[in-house]
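Working through the structure, step by step
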Amino acid sequence: MRSIVILLALAAGFARGADVEVGTPWTRATVRLLKVSSAYMELRSAQGATLVGASSPVAGSVELHEMRMEGDLMKMRAVPRLPLPAGKWVALTPGGYHLMLYELKQQLLEGTRVPIRLEFETGGGRRESIEVQAEVRPLR
Ligand SMILES: [Cu+2]
């Protein structure tokens, strides 16, 4: 029965580590020669945790970014950490926090999945990582 539950969770695009739940991870498809994309998802930590990093086998590096209005301009900047208050869903969305995938090693094709490993710091400075499979969605 346990394996059925896990399969259902995967089908819904959810992944779960000891403390952090990840909902509907997705990334944008790329055209050939484009070496950058962005990824989005929802995160919830039961006890409270901090997202401190991410990596993917398809990217040379992955950064956590936030979008902010500066005057009339929407700008993005790298942020080192994203706190997850206990029990609250925190969304990474277009226009907000997101992951940037740099130096892509392959084109991201619509309908495929991209593994992304998320690194968290949980209570007492423990480290925990979760691998999610981000669904590649169309460019527009
Ligand atoms: Cu960005």
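Scoring rules and cut-offs
- Residues numbered from 1 in each chain as written.
- Predicted model: local features only at pLDDT ≥ 70, side-chain atom pairs only at ≥ 80, totals over all residues.
- Heavy atoms only, no water.
- Donors = N, O, S within 2.8 Å, 3.2 Å for Na, K, Ca; no water.
- Buried < 20%, exposed > 50% of the residue type's maximum accessible area, 1.4 Å probe, protein only.
- Phe/Tyr/Trp six-rings, centres within 6.5 Å; stacked < 30°, edge-to-face > 60°.
- Helix = DSSP H or I, 4+ residues; strand = E, 2+ residues; numbered from the N terminus.
- Pairing = 2+ DSSP bridges.
- Polar contact = N/O pair within 3.5 Å; in protein donor to acceptor, adjacent residues only side chain to side chain.
- Contact = heavy atoms within 4.5 Å.
- Salt bridge = Lys/Arg side-chain N within 4 Å of Asp/Glu carboxyl O.
- Core = buried A, V, L, I, M, F, W, Y, C linked by side-chain atoms within 4.5 Å.

1. A word on the coordination of the copper ion
As a benchmark, a tetrahedral metal site with four donors has ideal angles of 109.5 degrees, while an octahedral site with six donors has ideal angles of 90 or 180 degrees. For the copper ion, the full set of protein donor atoms is His65 (ND1), Met76 (SD), His98 (NE2) and Met100 (SD), and the range of their distances to it is 2.1 to 2.4 Å. For Met76, a relative accessible area of 41% puts it in the partly exposed group. Of the residues examined, His98 reaches a relative accessible area of 3% and is grouped as buried.

2. Examining the packing of aromatic side chains
Tallied over the full model, the rule gives one aromatic pair. Taken together, a centroid distance of 4.6 Å and an interplanar angle of 40° make the contact between Trp26 and Tyr40 tilted. Of this pair, Trp26 sits in strand E2 (residues 20-28) while Tyr40 sits in strand E3 (residues 37-45); the two residues are 14 residues apart in sequence, bridging distant segments of the chain. For the pair Trp26 and Tyr40, a shared accessibility class is recorded, and that class is buried.

3. Here we look at the pairing of strand E10 (residues 113-122)
Pairing between strand E4 (residues 49-55) and E10: six bridges, direction antiparallel. In the strand pairing of E10, Thr50 is matched with Glu121. The pairing of E10 with strand E11 (residues 126-137) spans 10 bridges and is classified as antiparallel. When the sheet's bridge partners are listed, Glu121 is paired in E11 with Arg127. If you look at the hairpin formed by E10 and E11, you'll find three residues sitting between the two strands, and Gly124 has a positive phi there, around 75°.

4. A short note on the side chain of Ser37
With respect to the secondary-structure elements, Ser37 resides in strand E3. Engagement of the side chain of Ser37 in a polar contact is seen with the side chain of Thr27, the distance being 3.3 Å. If sequence neighbours within four positions are ignored, Ser37 has contacts with Thr27, Arg28, Thr30, Leu99, Met100, Leu101, Leu104 and Leu108.

5. Points about the pairing of strand E9 (residues 98-104)
Within E9, five of the seven residues are buried, leaving the element largely enclosed by the surrounding structure. Judged from the three bridges that link them, E3 and E9 form a sheet pairing that is antiparallel. Bridged to Ser38 within E9 is Met100.

6. Some details on the pattern of salt bridges
Counted according to the given criterion, the structure contains eight salt bridges. Arg127 serves as the salt-bridge partner of Glu121, at 3.5 Å between the closest nitrogen and oxygen. The class of Glu121 is partly exposed, set by a relative accessible area of 21%. Salt bridges linked by common partners bring Arg68, Glu70 and Lys75 together as one network.

7. Brief notes about the nonpolar core
With 30 residues, the main nonpolar core has Leu43, Leu99, Leu101, Ile116, Leu118 and Phe120 as its most contacted residues. In this structure, Phe120 is in contact with Val20, Leu43, Thr50, Leu51, Val52, Leu84, Arg126, Arg127, Glu128 and Ile130, ignoring residues within four places of it in sequence.

In short, shape yes, function no, at least from these values alone.
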